[in-house]
Amino acid sequence: MWPDLIAKAKKGGLDVIQTYVFWNAHEPVQGQYNFKGRYDLVKFIREIHAQGLYVSLRLGPFVESEWKYGGLPFWLRGIPNITFRCDNEAFKRHMQKFVTKIVNLMKDERLFYPQGGPIIISQIENEYKLVEAAFHSKGPPYVHWAAAMAVNLQTGVPWMMCKQDDAPDPIINTCNGLICGETFLGPNSPNKPALWTENWTSRYPVYGQDRRYRSAADLAFAVALFIVRKKGSFVNYYMYHGGTNFGRFASSYVTTSYYDGAPLDEYGLIWQPTWAHLRELHAAVKQSAEPLLWGAYSNHSFGQQQEGHVFATESECVAFLVNFDKHKISTIQFGEEVFQLAPKSISILSQCRELIFQTGKINAQHGLRTAQVVQSINHVDRWKCFKEPIPTVPSKMSHVGNQLYEHLSTTKDETDYLWYLAAHNYKQNGNGQLVLNVEAQAHILHAFINNDYIGSVHGSHDKPGNIVLKVPISLREGRNSISLLCVMVGSPDSGAYMERRTFGVRRVSIKRRQQKPHSMNIVHWKNQVGLSGETNKIYTSEGSARAEWSAIDKSMHLPLIWYKTTFDTPWGNDPVTLNLSSMGKGEVWINGESIGRYWVSFKTPSGQPSQSLYHIPRYFLKTGENLLVLMEEIGGNPLQITVNTMSVTRIYSSVSELSTPSVLSREKHPAIHLRCQKGKHITDIEFASYGNSHEDCIESGQNCHGSCHAEISEFVVKNACLGRRKCVVSVRAPKFGGDPCPGIEKSLSVVAICG
């Protein structure tokens, strides 16, 4: 997918692709490096270079990024006397070794800018100021050590530290956040530029929360304000491509889908109007490059919430007129002209006279993305199941002892699952309900007594800490098995002293009403790491062939069931997804590749799953049948799973005759610009009106004609657009047979179907 993603980013007006370098992806086992396939960092950077773009390389190697362990490899926990991210010799030794490894790899491939390569800047550490105080006297020396270590590698390009206001020279301090034009204190030296390493395009989603999107207008306002108020010369969108957290790489409670509302969505489709609106902004800024970089600066006040920023050389001038008022249009006089500033917007004036862009006015097309069902896997005989055995005495015991072992140290973070197993000899000695009480520092806990499921409990992203399961139980006279399945949904990604974070079952007791609880904390506990199906890799074609699968007629909606089936690769090039809204919680594999965790049973406040569609890159698919395997923890109905393709099938736009013409267009008048995604063309015009149509109903494609409407609107638009992938229609009265209603501001509104 890389070439297409990079090409779309370049077309969107980007100059630089920024990427983290994930230590735990590239050195998953100490001393064993992985730069193959989708971990081929060199190939990725070369592709960027081939398309004429630059690279910002955020080495970290701590990166956070809602990625498990913040990018640090788990094996670091086993290094004696180590404390992460502070003035600790063991950590510094290993960090320096990895950073040096990456820098030397880049040098060997001649990828730094002085060598003719695309890398123009690198980052060491990441948002360290947020945890520095927790390390007391070992914090500041670490900052200076990391800076000196990086500079001494002599890459020939600058280094930066984000959110590190006191970054030592020559390291550049940078900003991360939503509104760096307002919050950034600025460079800590006159020799340093103002850089914004993360302009958040939305908020990353977590299980149990509704998605939050950021408007194109708000993003554009933030970028323009940073450029003029802070003299910003670098703005990176985090994220520009949303992406997918495949496998188990997402951190605690973070969904498999990452920043899906980014200018390029999770699937690599263009997210409108954000992509096109920002593209216009980028063009307007670059058109003003000479005065922005070399012009004399002056600022102006037009009121409590209105201000102007002017950059002028002898021959060039650009002005940015800012209205902070979120509710009211502001009318101001600037020079000899009067300008109306939309609520919370910035207007850019070329030569300080001609309006070329308004952050608050969206003229770009909108798009409605749809998931089309292309295959329903609803035949019982196409599915097989494997019931995960509930262990009572594990076949592979990693720990045995009179204590409850810590989860991550026991699993080495190679699986989400850890079984805690114990026997309890019960003697009937009274009446009253028995209650099992389990406290765990975990994300989910499932409990079984004598192989029977008795209950589950889970936590949430906003309430980290202990989860408590209190459930009535029945015990038989004599020996009873207690099997507790402790589950992590990602490991932590940030915070001080990450190596000391502990998880797992903490306390277990059985209580009869009115009696003292019987503690089981120090009984003879045994652990089994992972599930049997994981150990035997039944999600691969080889492992699947060895497993004893059976019909699923009586196994649906039961906990701890593996399901498998096959499906055909959908025709065409549209992105492919699985709709798992009928399932509960687990993980899903396609041809042995994990496409991530799912947890559709954890509903958001609006009553919907945080994520129900799961991306399958076509790279993972075969030309014929594909093996689909799911591990379902809670219980679901696999017969309702569907294979879908994602595409933008409806596009719509509304542009006023008084709008500013596009900077990127040859048209000297406002115009509608419509474009279908690659491989599709405009098959129908659902609605078209030149007049004063009701914009609030255009998205639905209903009859939105207002009191003023040119009768030939549909004919004009169809003639210009049908059968084409893209088209442009000017918003001018002569185009539509004359002015249908003089004295009224008119717009052209169009809804088109792509197929």
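Residues numbered from 1 in each chain as written. Predicted model: local features only at pLDDT ≥ 70, side-chain atom pairs only at ≥ 80, totals over all residues. Heavy atoms only, no water.

## A word on the nonpolar core
Keep this limit in mind: Within this scheme, the nonpolar core is defined by two criteria: the residues are buried Ala, Val, Leu, Ile, Met, Phe, Trp, Tyr or Cys, and they are joined through side-chain atoms within 4.5 Å. With a 1.4 Å probe rolled over the protein chains alone, any residue whose accessible area is under 20% of its type maximum counts as buried; one over 50% counts as exposed, and the rest are partly exposed. Between two residues, a contact is recorded if the distance between any of their heavy atoms is within 4.5 Å.
Membership of the largest hydrophobic core comes to 86 residues, with the highest contact counts inside it found for Leu57, Leu76, Met95, Met106, Ile124, Leu281 and Phe320. With sequence-adjacent residues up to four places away left out, Leu281 is seen in contact with Ala220, Val223, Ala224, Ile348 and Phe357. Cys385, Leu421, Leu485 and Leu628 belong to the second-largest nonpolar core, a separate cluster that totals 51 residues.

## Points about the sheet that holds strand E14 (residues 354–358)
Under the convention used in this document: Should DSSP find at least two bridges between two strands, the strands are regarded as paired. The secondary structure listing takes helices from DSSP runs of H or I that are at least 4 residues long and strands from runs of E that are at least 2 residues long, numbered from the N terminus. Fitting a line to C-alpha atoms yields each axis, with helices limited to the stretch in contact; the angle taken between N-to-C directions then spans 0 to 180 degrees.
Taken together, five strands build an open sheet; the order of strands is E8-E9-E10-E13-E14 and the sheet is antiparallel. One side of each edge strand has no neighbouring strand; the edge strands of this open sheet are strand E8 (296–303) and E14. Looking at each pair of strands side by side, their axes are set apart by 20 degrees on average, direction ignored. Here E8 pairs with strand E9 (residues 306–312) via seven bridges, running antiparallel. Considered in E9, the bridge of Asn299 is made with His309. Sitting on the sheet, helix H9 (residues 274–287) touches strand E13 (345–350) and E14, and the angle it makes with E14 is about 140 degrees.

## Details of the sheet that holds strand E19 (residues 434–441)
Judged by pairing direction, the sheet is antiparallel, and its four strands sit side by side in the order E22-E19-E24-E25 without closing on themselves. The strands lining the two open edges of the sheet, one partner per strand, are strand E22 (467–473) and strand E25 (518–519). Looking at chain direction, strand E24 (residues 504–512) and E25 are connected through two bridges and run antiparallel. The residue of E25 that forms the bridge with Ser509 is Ser519.

## Describing empty space enclosed by the protein
Counted only if it meets this: A cavity here means a set of points on a 1 Å grid, drawn over the protein atoms and nothing else, where a 1.4 Å probe fits but cannot get out; a pocket is an open set with protein on both sides within 12 Å along at least five of seven lines, and a residue lines either one if it has an atom within 4 Å of a point. Grid points are joined across faces, edges and corners, and a volume is the space filled by probe spheres set on the points. Lys, Arg, Asp and Glu make up the charged group, whereas Ala, Val, Leu, Ile, Met, Phe, Trp, Tyr, Cys and Pro make up the nonpolar group; the residues left over, Gly among them, are polar.
For the structure on display, the rule yields two cavities of 30 Å³ or more. Its volume calculated, the largest cavity comes out at about 50 Å³. If you go around the largest cavity, the residues you meet are Ser202, Arg203, Pro205, Arg211, Arg212, Tyr213, Tyr258, Tyr259, Asp260 and Gly261. Grouping the amino acids of the lining of the largest cavity by side-chain chemistry returns four nonpolar, two polar and four charged. In this model, the second largest cavity occupies a volume close to 30 Å³. Every residue along the wall of the second largest cavity is listed here: Tyr207, Asn245, Gly247, Ala250, Val254, Thr255, Thr256, Gly596 and Arg597. Here the lining of the second largest cavity is built from residues that sort into three nonpolar, five polar and one charged.

## Considering the layout of surface pockets
In this structure, the second largest pocket occupies an estimated 1400 Å³ of space. Lining the second largest pocket we find 44 residues, and of these Lys68, Arg248, Asp413, Glu414 and Thr415 sit closest to its centre. Those elements that provide at least two residues to the lining of the second largest pocket are helix H2 (23–26), helix H11 (407–411), strand E26 (525–529), helix H12 (532–535), strand E29 (585–590) and strand E30 (593–599). At three residues, H12 tops the list of elements feeding residues into the lining of the second largest pocket.

## Examining the pairing of strand E32 (residues 625–632)
Summarising burial for E32: seven of the eight residues are buried, a large majority. Here eight bridges tie strand E27 (residues 561–568) to E32, and the two strands are oriented antiparallel to one another. Across the sheet, the residue bridging to Trp562 is Met631, located in E32. Note: E29 against E32, five bridges, orientation antiparallel. Following the sheet pairing, Trp589 is matched in E32 by Val629.

## Section: the pattern of salt bridges
The criterion, for reference: Note on definitions: salt bridges are taken to be side-chain nitrogens of Lys or Arg within 4 Å of carboxyl oxygens of Asp or Glu.
Under the defined criterion, the tally for this structure stands at 29 salt bridges. Salt-bridge contacts for Glu89 lead to Lys92; the nearest nitrogen and oxygen are separated by 3.2 Å. Residue Glu89 and its partner Lys92 are both found in helix H4 (residues 89–108); the two are separated by three residues, about one turn of the helix. Judged by relative accessible area, Glu89 falls into the exposed class, the value being 56%. For Lys92, a relative accessible area of 8% gives the class buried. With its nearest N and O atoms 3.7 Å apart, the salt bridge here joins Lys129 to Glu132.

## Quick notes on the side chain of Thr415
To be explicit about the condition: Two N or O atoms form a polar contact when they lie within 3.5 Å of each other; inside protein one atom must be a possible hydrogen donor and the other a possible acceptor, and for residues adjacent in sequence the pair counts only when both atoms belong to side chains.
Position of Thr415 among the secondary structure elements: in the loop between H11 and strand E18 (417–426). Here the side chain of Thr415 touches Tyr417 through a polar contact of 3.1 Å, landing on its backbone nitrogen. Not counting chain neighbours up to four residues away, the residues in contact with Thr415 comprise Arg248, His407, Val529, Gly530 and Glu534.

## Observations regarding the state of the cysteines
The following threshold applies: Two cysteine sulfurs form what is called a disulfide whenever their separation falls within 2.5 Å.
Applying the stated criterion to the full structure yields five disulfides. Sulfur-sulfur distance for the disulfide between Cys721 and Cys727 comes to 2.1 Å. On the sign convention where negative is left-handed, the bridge of Cys721 and Cys727, at about 85 degrees about the S-S bond, is right-handed.

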